[in-house]
Every structure is written in structure tokens, then in C-alpha cells.
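Listed below are the residues making up each chain.
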Amino acid sequence: MNVLAQCLLVARVSLGGLPARLGSSLVIALGMACVVGVLVSMLSVGAGMLRVFRASGDPSRALVLPSHALDEHGMDLGPSALSTVLDAPGIARDGDGRPMADPEVVVNVPPVDGFVQGSLNIRGIGPRGLALRPEVRLVAGRLFHPGRRELIVGAGAGRVFHLKLGDTLIMPDGPWPIVGTFAGGGALQTQLMTDAVTLMTATRRPGFGSVVVRLTRPDAFAGFKRWLMTNPAIEVTAERQADFYLRQGSDYTFYQTMAYFVAALMSIGALFGAVNILHSAVRARTREIAILRAVGYAPLPLALSVTLESLLLSLAGALAGAVLAWALFNGHESLSGIVFRWSVSPRLVALGIAWALALAVLGSLFPALRAARLPVSVALHD
Amino acid sequence: MKCWPLLWAAVWRHPAETLLTWLAASVAFALFGLMVGLQVHTQQVIEQERMDRLYVVMRFPDQPFTGLPSALAGPLARVRGVTGVATVHWLNGYHGDPHDPASVMAVDEGGPRGDPELPMSRAQWARLWATPTGVFASRKAAARWHLRPGDLFQVTTPQDRQADGDATRVFQVLGLIGDLPERDTGFLLGNDHYVDESEPRARRGLGNMFYVAIADPGEANRVCHEIDARFASSGTPTYCVPMRADAQAMANSSVNIAWLTLSVAGAGLFMIFFLIANAIARSVSERLAEFAVLETVGFQVGTLRGLVMLEAALPCLLGALAGTAIAWGLTRLHLSVGPYSRIVTAPEFPPVVLAWSVGFAALLAAGSSVVPLLRLRTLSVVDALAGR
């Protein structure tokens, strides 16, 4: 009998004995379910954030910021800087030949009912603000009128900050009503929008915080950025919008780091557990293994049968953990600077399964070697 | 005492498996300790914040930060219920390397009354007012930068340059003071007048927030509303919030950390529960004949049950102790947990964590020994001795 046939036969014998070792087999599966469940759940937080960041940034959109600015909350882009930015090469033009660019301002205001659930931002946009973001759509009410003290609220901001059509927000120059609700736009959904100039007047801001531009094509970005950064007339920097949002999301790094740290620690525990269970399984099968060796079976199929058992149990556990994570957390809404939904994606499930299988192989190494090296005479005697 | 050799023999029957069970338990309890430590410490920080201390900041913060004018201190002090107002100017920058963030909390003479929790003696305050470039370093800050009294300490603030354009200020360390629970990496306390006078003329008197002390914590919301209403139509509308409410809101402002940490800790214990329960059940079922012999030679059933429970308790309790020690060691590494620098800080290690770990270890042991104890209860000595 060749080695492959031996492997199949021994694997069948080994797996056939699983029901007799149901309790200990379940321990491996449950351990892996816990590891994969926790890993996938925690990574789904970061994945949800990443999804919003990606939805926020069309690769052909770029953001121009004052060179020292970390975010869009500044007010340093005055009229002369703006006109220079609009001369930059690579900016797309509309039908009338005007640059597809929009100077914007972002103002931080406390939420209506106290300093709860983080901060609320109002984005002031110009005439081309919505044309630059075709993914944003009005779902209720109407758009704000330029020049009037009116706001539209993002669907995410509405849910998290309990703001709805008809509510008013107290601004420095009095109450501003919410006249519409919009959806789409990724991170934008966590904000309110209004007319930029009206907002700047109300908050006494002399300049804009950023300029959003649409490029003629995504690869025009390098030339656009170089022109801006080497222009001695202005001190600005440019970033792709998606990169900007990703940089803003420091929470994303936190959750990713925490997920891997916790998963690594749990994996070490699960690894000890798996080695323990497989070790005792090999001990329980000592006589069976010895008989197989005595009738001519090679050590390799015996070792592989241990690994296969570990792989199958871990796979079952990993699938259970991933399904549990999906059932409990997929779509769960949170706020962490942006409103996002936890996302248990197929990629994360695959990562969880791969993680569990790697642990299974690692955990079975020592017991498999033990099975392969079992001295036949001693084992038969036992 | 006579059971000790029996217990030892039972535990040491399969040394490799016993060691692996203990190691798995230790790792699970290390995770449990870290998560509970993080949660307990976060809760402690929130509880230490007071409702009778208020923050007053700009209602519409801008960038570069304009801040509130120091002239607001007078009107704030006249609001009914206010007992003290400290003008605070935070200088946020770095020390030498831009990746080494450093801040100086510059306070005026209102400090002792507006923020009485600052761990400063009357003599230390007097010394701070007498030394414009002086700072007091908290012990954590001093340990971080190896500061001793008399040392010079540079802070570079590119967003907050001095009148001459220089972004670096040099401070002299006057002494060391205690730490504040909410300032996890320590803090430096400076003189607001020096900072203010070093600013460009157009920015003097600006860049501030206020720490306000009130007499009655039950009046916090009323005082905040009154402050905000008083300045609502001014050129500098304020936003006032009780410090504890602010801390609680910050902790709640993202993914619920309490829920997250306790879920992870629970998953770790759940994982280990089955491993230990399985190990004890296996051990008991392999030794039924031994239990039958012990019962035959006069051991009480209660003693045998106690033995099984001790056998389950040993890896759990030793695992809890070792795991808690590992968790404590990891917290000594000053693990940074990212953006939650003020409220959800790096896991600390309050002694209550050890109590929680030992408590859960006992529960785990009790839960793990339920099935083996039921098995013992139905043990037929005759059948067991006959090997049936």
C-alpha cells in the first residue's frame, strides 16, 4: 500500500474515532471559534471604518489644504490663494470651462443636547460642492438655499446625534433650521452641510479650510500636487481625498492593533489547549497507532492523521466563530469620528479561517511527531 | 493534609497535559486581567472627575486656535455658585522630536481655586508665580523625560509661535509634583503670564480655556447653562460642561470600550472553561476505579468530591495568579492604546483586578467540576472495581 493510501485509511480511522472523543474534540473547535470570533469581530470595526473612508474618496478627487494644516478646520485659504489653486494643472472643467473645484470650510459645533457622543461638524460647501460629489443624494426635505441660514443633515449624523428635519441648531448668529436630509458620501454622512459663505460669516472666518477638486483623471494627481507644492506664491499641500480620510482615522489603527493583540494572546491560549487535547488524543490512540505501525504503516500517515484531525476541528470552529461574529456584529452602527457600520466581510472570514488553520497546523506539530515516533513495542505493551 | 499526596498524584499523572492546561489558563487570565484592568481603570478615571468642576471652552473652536480671552475670567467668577476660575493656556507641541509630544498646562493665579485638585502646595504656587519660565513636572512626566529640579526643558509649538517667531520655549523645572489620574502620561504645570507675554501682540490674552470650580455639584448643569446663556450673544460664545459629564461622554463617544473589553475577557474565559472542564472530566473518568478503591478503604464521598474540586481549582487559581502577573508585566510596558489618551488610557493595574481574577478562577473551577462531580455521585463502587 502506498503512502497516500495509508494516509487516507489512517485518516478515516482517526476521524471515525472522533465521536468517541466528542468532548475533547469540541474543546478544540470551541477554542478556535472563540479566537476567530473575537478576531473577526474586532477587525470588523476597522473594516467598517475603512469602507466609509473608501466611500468618501473618489480617486479622481483631491483635497488642497494649507501646508501646516492637519485637517479641514482651518481658515487660512484666502481669495488670492484660492485663485492660484484654481490655476493648477490637472483640474477638470465643467461645460462652461470653469474649474471643478469647491472651497470649503468645516466648523465644529457642540451637539444639540449636550457634549455627548463626540463632536458634530458643519461643512460649508460652495456652488460646486454637490456636483463634485455625485454620490450624495437628498433623501428628505430640500437643499439649503445659498445665503440663508439653513442646514441639511447627513443620515448618519441624524441617527447618532438625534437630529431630524425641522430641528434647529444654535449658531453664533441664532438658530439655523434643518431643511433636508442627505445620504451617501461616506464620512460626509456624519456631518451637516450648508452654504460655505453663510457659515463663514456666522462664525467670523476670514478664509476657507480646504479646496476639493476633481482631477481630469486619477493619475493627474502627481503633477497637480507638484505644481501646488513648488509654487512659491502659496503654501499648500494636496492629498487624495481617500488618503486624507484614512489619515484622519487614528481610531482605525487603534482598533486594528487591539484586534491583532487580543487575537494573538487568545491564539496562544488556544494553541496550548489544542496541543493538550491532541496530545491526549494521541495518548488515547496509543495502542491503535502501535498496531498500525506493527502491520507496516509508515510514521508519516500517522502524523498526518493527527494534523488532519486538528485542521478539520479548527475549520469547523473557525466557521462557527465567523458565523457568530457575522450574526452578532455585521451592520452594527458606531460612531468614532465618523458613523460607520461594522463589516464582517468575506475577506475577514477568510483571514479568520486561515488564522485558525495555521494554529491547527502549529498545534498538531508536537502531538503528530509524538504519534510518528511512538516506539511500537512499548506502545503495544502499554 | 492526608489528601495532599492524592491531589498531587492526580495533577501530576500526565505532567505535559497538566502544564499545557495551566499555560492555557494563564494566557486566558492574562487577557482577562488586561481587559478588566483597562475597564476598571477607565471607570476609575471617570469617577475621579468631579461634577463640581467645569470646563469652559470655545463653543465654535477654530484653527489656528483662537481660544477664549482671559478677560472672561472676571464675568465667569461672578456667576452664582462659582467659587473659583482658573485661566488655562495649553501649549501643545513636542520635545525635541516631533514624534515626542509634550504639553505645558499654563495656569494663572486662579489655579488654586479654579482647579484645587492640582497637587501643588501654597509654597509651590508662590514659586511658580515668581518664576515666569518655571514649570512643575508631575512624577510620570519627570520619569518620561528624566527631569530633575533645575533642568531645562524645551517645548516646540509650531502652531503657537512666540512674538519673535520662535516656536521653541525653554522652561526651567522648579520641582516635581504628584500625578493626576486623567493625565496618563503625566503633565507639566507652567505660568500663564509668561506664556501669554511671549505670544505675538495680536494673540495676547487669547488662547485660553477655563477650569471653573462650583460649590454644589447638583448645580453643575444650571451653572453651565447660565454661563453659556451669558456669553451666547458675545463675540466669544462659550461651551460649558461638567468635567465628569465630559469624561463619561468621551468614553461613550466611540465603540463602547466597556462592552468590548468585557466581551473579549468573557470569550477568553469561555474558551478556557471547556478546556479545564474537559481535562477534569477525562481525569475523573480515567480514575473511577481509583475513586472506588478510596471509597472502599474509608474515604468519605465528600472528601473525594473535594479532591475533584481542588484538582479543578489548582490550574484555575495558579493560572489566574500567573495570568494576572503577566498582565501586570504587560501594563508595565506602558502599552499605548491609541487615541483615547485622556479617558481610555493604557491599562493600569488596580489591585481589584487580582480579586476579579481569583473570583472568576474559583467560579471556573466550580463550573468545570460539575460534570465530574455528577459522575462521582452515580459511581457504583462494585461496578468501578469490576472495571465495568
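On a predicted model such as this, the values are computed, not experimentally measured, just so you know.

**As for the confidence of the model for chain B**
Residues and elements named next belong to chain B.
Stage number 1. Mean pLDDT for chain B: 85, with 92% of residues reaching 70 or above.
Stage number 2. Below pLDDT 50 for its whole length, residues 336-345 participates in 37 contacts with residues either more than four positions away or in separate chains.
Stage number 3. Here the complex is predicted with pTM 0.73, and the ipTM for its interfaces comes to 0.70.

**Some thoughts on helix α6 (residues 221-230) of chain A**
Residue and element names in this part refer to chain A.
Stage number 1. Here α6 has its buried residues at Phe221, Phe224 and Leu228. The buried residues of α6 all sit within an arc of 65 degrees when viewed along its axis, so they share a single face. Seen from the buried face of α6, the exposed residues on the opposite side, beyond 90 degrees, are Arg226 and Thr230.
Stage number 2. On its buried side, α6 packs onto β1 (61-66), α3 (79-86), β9 (210-214) and β10 (236-240).

**Points about the side chain of A:Gln241**
Residue and element names in this part refer to chain A.
Stage number 1. Along the chain, the position of Gln241 falls in helix α7 (residues 241-248).
Stage number 2. Judged by its relative accessible area of 2%, Gln241 is buried.
Stage number 3. Only 2.5 Å separates the side chain of Gln241 from the side chain of Arg61, close enough to count as a polar contact.
Stage number 4. Discounting residues that sit within four places of it in the chain, Gln241 has contacts with Ser56, Gly57, Asp58, Arg61, Ala62, Arg133 and Val212.

**A closer look at helix α11 (residues 346-373) of chain A**
Stage number 1. The terminal C-alpha atoms of α11(A) lie 40 Å apart, and with 28 residues this matches the ideal 40 Å at 1.5 Å per residue to within 8%.
Stage number 2. By the largest-angle criterion, A:Leu365 marks the main kink of α11(A), which is about 40 degrees, and a proline, A:Pro367, follows within four residues.

**Section: the state of the cysteines**
Stage number 1. The final tally for this structure, using the stated rule, is one disulfide over all chains.
Stage number 2. Bridging B:Cys224 to B:Cys240, the disulfide has an S-S length of 2.2 Å. What sets the handedness of the B:Cys224 and B:Cys240 disulfide is the S-S torsion sign, and at about -60 degrees it is left-handed. Taken together, the positions of B:Cys224 in helix α8 (residues 220-231) and B:Cys240 in strand β9 (residues 238-242) put the pair 16 residues apart, joining distant regions of the chain. B:Cys240 shares its class with B:Cys224; the two are buried.
Stage number 3. No disulfide involves A:Cys34; its sulfur sits 15 Å from that of B:Cys316, the nearest cysteine.

**Let's talk about the nonpolar core**
Stage number 1. Ranked by internal contacts, the top residues of the largest apolar core, which has 123 residues, are A:Met42, A:Met49, A:Met193, A:Met258, A:Val262, A:Met266 and B:Ile272.
Stage number 2. Sort the elements by how many residues they give to this core and helix α2 (residues 22-56) of chain A lands first, with 17 residues.
Stage number 3. If we skip the residues at most four places from it in the chain, A:Met258 touches A:Met42, B:Met35, B:Leu38, B:Leu260 and B:Thr261.
Stage number 4. By size, the runner-up hydrophobic cluster in this structure holds 43 residues, among which are A:Ala62, A:Ala238, A:Val339 and B:Phe60.

**A short note on the interface of chain B and chain A**
Stage number 1. At the interface, 50 residues of chain B touch 56 residues of chain A.
Stage number 2. Note on chain B versus chain A: buried area summed over both sides is about 4,300 Å², and carbon and sulfur give 71% of it.
Stage number 3. Linking chain B with chain A are zero salt bridges, by the criterion used here.
Stage number 4. If you look at where chain B meets chain A, you find four residue pairs in polar contact (both at pLDDT 80 or more).
Stage number 5. Sorting the residues of the side of chain B that touches chain A by element identifies α2 (15-48), β9, α9 (243-252) and α10 (257-286) of chain B as the ones contributing at least two each.
Stage number 6. In terms of residue count, the dominant contributor to the side of chain B that touches chain A is α10(B) (14 residues).
Stage number 7. Tallied by class, residues from the side of chain B that touches chain A come to 32 nonpolar, 12 polar and six charged.

**Remarks on the pattern of salt bridges**
Stage number 1. In this structure the tally under the stated criterion is 29 salt bridges over all chains.
Stage number 2. Between A:Arg98 and A:Asp96 there is a salt bridge, with the nearest N and O atoms lying 3.1 Å from each other.
Stage number 3. The salt bridge partner of B:Glu199 is B:Arg203, with a shortest N-O separation of 3.1 Å.
Stage number 4. Beyond isolated ion pairs, a larger network of salt bridges with shared partners links A:Glu72, A:Glu104, A:Arg123 and A:Arg133.

**Description of the packing of α2(B) against helix α12 (residues 301-332) of chain B**
All names here are of chain B.
Stage number 1. Two elements in contact, α2 and α12, have axes whose closest approach is 6 Å; the angle formed by their N-to-C orientations is 50 degrees. It follows from the interaxial angle that α2 and α12 lie oblique. With respect to the hand of their crossing, α2 and α12 are arranged in right-handed fashion. Counting all contacts with α2, which are made through Thr21, Trp22, Ala25, Ser26, Phe29, Ala30, Gly33 and Leu34, the residues of α12 involved are Pro315, Cys316, Leu318, Gly319, Ala320, Ala322, Gly323, Thr324, Ile326, Ala327, Leu330 and Thr331.
Stage number 2. Taken together, the residues that form the contact of α2 with α12 break down as 13 nonpolar, seven polar and no charged.

**Focus: the pairing of strand β4 (residues 134-138) of chain B**
Residues and elements named next belong to chain B.
Stage number 1. Most of β4 is tucked away: five of the five residues are buried.
Stage number 2. Both faces of β4 are covered, namely the face carrying Gly134, Phe136 and Ser138 and the face carrying Val135 and Ala137.
Stage number 3. As paired strands, β4 and strand β6 (residues 168-177) are joined by five bridges and run parallel to one another. Residue Phe136 lies in a different strand from β6, and its bridge partner there is Gly175.

**Observations concerning the side chain of A:Thr84**
Stage number 1. Counting through the fold element by element, A:Thr84 comes out in helix α3.
Stage number 2. If we ignore the near neighbours within four places in the chain, the residues touching A:Thr84 are A:Trp227, A:Asn231 and A:Ile234.

**So, the packing of α2(A) against helix α10 (residues 299-329) of chain A**
Residue and element names in this part refer to chain A.
Stage number 1. Running from N to C, α2 and α10 point in directions that differ by 40 degrees, and their axes come no closer than 7 Å. As the angle between them shows, α2 and α10 are arranged oblique. Taken as a pair, α2 and α10 cross one another with a handedness that is right-handed. Between α2 and α10, the contacting residues are Ser25, Ile28, Ala29, Met32, Ala33, Val36, Gly37, Val40 and Ser41 on the first element and Leu313, Ser314, Gly317, Ala318, Ala320, Gly321, Ala322, Ala325 and Phe329 on the second.
Stage number 2. Each residue belonging to the contact of α2 with α10 can be placed in one class, and the counts come to 12 nonpolar, six polar and no charged.

Calculation notes
Residues numbered from 1 in each chain as written. Chains lettered and ligands numbered in written order. Predicted model: local features only at pLDDT ≥ 70, side-chain atom pairs only at ≥ 80, totals over all residues. Heavy atoms only, no water. pLDDT = per-residue confidence, 0-100. Contact = heavy atoms within 4.5 Å. Buried < 20%, exposed > 50% of the residue type's maximum accessible area, 1.4 Å probe, protein only. Helix = DSSP H or I, 4+ residues; strand = E, 2+ residues; numbered from the N terminus. Arc of directions from axis to C-beta. Polar contact = N/O pair within 3.5 Å; in protein donor to acceptor, adjacent residues only side chain to side chain. Expected span 1.5 Å × (residues − 1). Bend = angle between axes of the 7 residues up to and from the residue. Disulfide = S-S within 2.5 Å. Core = buried A, V, L, I, M, F, W, Y, C linked by side-chain atoms within 4.5 Å. Buried area = accessible area lost by both parts, 1.4 Å probe. Salt bridge = Lys/Arg side-chain N within 4 Å of Asp/Glu carboxyl O. Nonpolar A, V, L, I, M, F, W, Y, C, P; charged D, E, K, R; others polar. Axes fitted to C-alpha atoms, helices over the stretch in contact; angles between N-to-C directions. Parallel < 35°, antiparallel > 145°, perpendicular 65-115°, else oblique. Left-handed = near helix turned anticlockwise from the far one by under 90°. Pairing = 2+ DSSP bridges.

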